[in-house]
Amino acid sequence: MKLERIPHNPGQLLEFYEEGLTKLGALCERTWHDRLEVVAEGPAARLWHPDGAIHEIELQFAPAEAASARNAIREIFPGCPLTFHLTEALRISPLPLERFILPEDPLARPPDATVMEKLWRAQFPDTHRWRLAAPLQPDIHFALLALARCEIQAMDQHWSLHRIAASLTDGEPDPDLSRNISFHQITGDLAAEIAWPPPDPARLRELLSQTLERELAGELDRIRSRQENSLRRELARIDDYFESYERELTVRATRSSSENSRLKTADRLAAAKAEHARRRADQLARHEIRVHPHLDALLLVAEKGWRAQLRLERSRHPGEVEALFVPRLRQWKLAGRFCQT
């Protein structure tokens, strides 16, 4: 889920700076409705001085429509570098993996077998036979939710904020959870009863990478299309120039009877070919697309599900399968590469 950009509001931004700098240990005082006097030392002063030396400055929060020249040292405006530096300074490091339990409906009952079978067949159309081999057992479904700032470096720089979620069982994205997590109230009644899976950084990194690739696929396709068109034009321009130059040198060499002139022409042709290859490589490097994600929050979400032992036939291969039914999603989850161990 791509989060919308917050409109530039000098008043709200001033409050963010005042609270953030105070948390870093700075002394702050509002001298006017759009000005903030700051006396900083240590972590707060590193926003201006790498050594953290004491620093005093009055920040001015300019409206978005201001037409005057911007001073990035003391003026806060849309896209101001100081805002990015302050955000990074406030970011907790190392990033904690927090836990959250989705509240359960107290009136919820085990789902009907007929309903579960219909949902299974809709999800797996190649199923021929389906039945429960044992009674349903309550279980816990886990999902990973992350808040990520994505920096895409291309001909133009793109920044976007995403909230992504994926099932820890099969690695599939969970857009419903990423959209609606803010509507769920915090509850810790069952925290002690849940056997949380041990964190596995390598596995979680792979899951986040895969989910983020899917999230950014559409935006990257548009950027890649523009980059390819631009690269095609630049390479055609370079190729036309050097091909014309090499043809001209070749014609000169054929017209000349001097051995010394032919040797000089051969050297020029070799230099032109080397420069041609260098220019093409330079354009390829200029048109590369680099994606740098920055994680701001990690949340492990637990919710009630139902573990089922199924006896079925899929694609004419009978057998028994253990699956997890998630009522919120009305979906079945089969253990995949991201299942807990």
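Here the structure is shown first, and the text comes after it.
Heads up: these notes are all about the structure in this document.

Observations regarding the overall build of the chain
Link 1 in the chain: Tallying secondary structure elements over the chain gives 6 helices and 12 strands in all.
Link 2 in the chain: Taking 20 Å as the expected radius of gyration for a compact globule of 341 residues, we find that the chain reaches 30 Å, considerably beyond that expectation.
Link 3 in the chain: Taken along the three principal axes of its C-alpha coordinates, the chain extends 95 × 70 × 35 Å.
Link 4 in the chain: Counting only residues that meet the buried cut, the chain has 35% of its 341 residues in that class.
Link 5 in the chain: A fraction of 66% describes how many contacts in the chain between residues 6 or more apart in sequence connect residues 24 or more apart.

Observations regarding the environment of A134
Link 1 in the chain: When you line up the elements, A134 lands in the loop between β7 (127–132) and β8 (137–153).
Link 2 in the chain: Remark: the alpha-carbon pair of A134 and R203, spanning 69 residues in sequence, is separated by 31 Å.

Quick look at helix α5 (residues 201–255)
Link 1 in the chain: The end-to-end C-alpha distance of α5 is 69 Å, clearly below the 81 Å that 55 residues give at a rise of 1.5 Å each.
Link 2 in the chain: Along α5, the largest kink reaches about 55° and is centred on A217.

Description of the packing of α5 against helix α6 (residues 259–286)
Link 1 in the chain: As a packed pair, α5 and α6 sit with axes 10 Å apart at the nearest point and diverge in direction by 180°. In this view, α5 runs roughly antiparallel relative to α6, as classed from their interaxial angle. Packed against α5, whose contacting residues are L231, E234, L235, I238, D239, F242, Y245, E246, L249, T250, R252 and A253, the element α6 presents R262, T265, R268, L269, A272, K273, E275, H276, R279, R280, Q283 and L284 at the interface.
Link 2 in the chain: Of the residues belonging to the contact of α5 with α6, the class tally is 10 nonpolar, 4 polar and 10 charged.

Description of empty space enclosed by the protein
Link 1 in the chain: Taken as a whole, this structure holds 2 cavities of 30 Å³ or more when the rule is applied.
Link 2 in the chain: The computed volume of the largest cavity comes to approximately 40 Å³.
Link 3 in the chain: Contributing to the lining of the largest cavity are L97, L144, L168, P197, P198, P199, D200, R203, L204 and L300.
Link 4 in the chain: Of the residues contributing to the lining of the largest cavity, the split by class is 8 nonpolar, no polar and 2 charged.
Link 5 in the chain: Its volume calculated, the second largest cavity comes out at about 30 Å³.
Link 6 in the chain: Lining the second largest cavity are L144, A146, I164, A165, A166, L207, L208 and T211.
Link 7 in the chain: Elements with a minimum of two residues in the lining of the second largest cavity: β8, β9 (157–167) and α5.
Link 8 in the chain: Of the residues assigned to the lining of the second largest cavity, the class counts are 7 nonpolar, 1 polar and no charged.

Definitions and cut-offs
- Residues numbered from 1 in each chain as written.
- Predicted model: local features only at pLDDT ≥ 70, side-chain atom pairs only at ≥ 80, totals over all residues.
- Heavy atoms only, no water.
- Helix = DSSP H or I, 4+ residues; strand = E, 2+ residues; numbered from the N terminus.
- Rg over C-alpha atoms; globule rule 2.2 N^0.38 Å.
- Buried < 20%, exposed > 50% of the residue type's maximum accessible area, 1.4 Å probe, protein only.
- Contact = heavy atoms within 4.5 Å.
- Expected span 1.5 Å × (residues − 1).
- Bend = angle between axes of the 7 residues up to and from the residue.
- Axes fitted to C-alpha atoms, helices over the stretch in contact; angles between N-to-C directions.
- Parallel < 35°, antiparallel > 145°, perpendicular 65-115°, else oblique.
- Nonpolar A, V, L, I, M, F, W, Y, C, P; charged D, E, K, R; others polar.
- 1 Å grid on protein atoms, 1.4 Å probe; cavity = no way out; pocket = protein on both sides within 12 Å on 5 of 7 lines; lining within 4 Å.
- Points joined across faces, edges and corners; volume = space filled by probe spheres on them.

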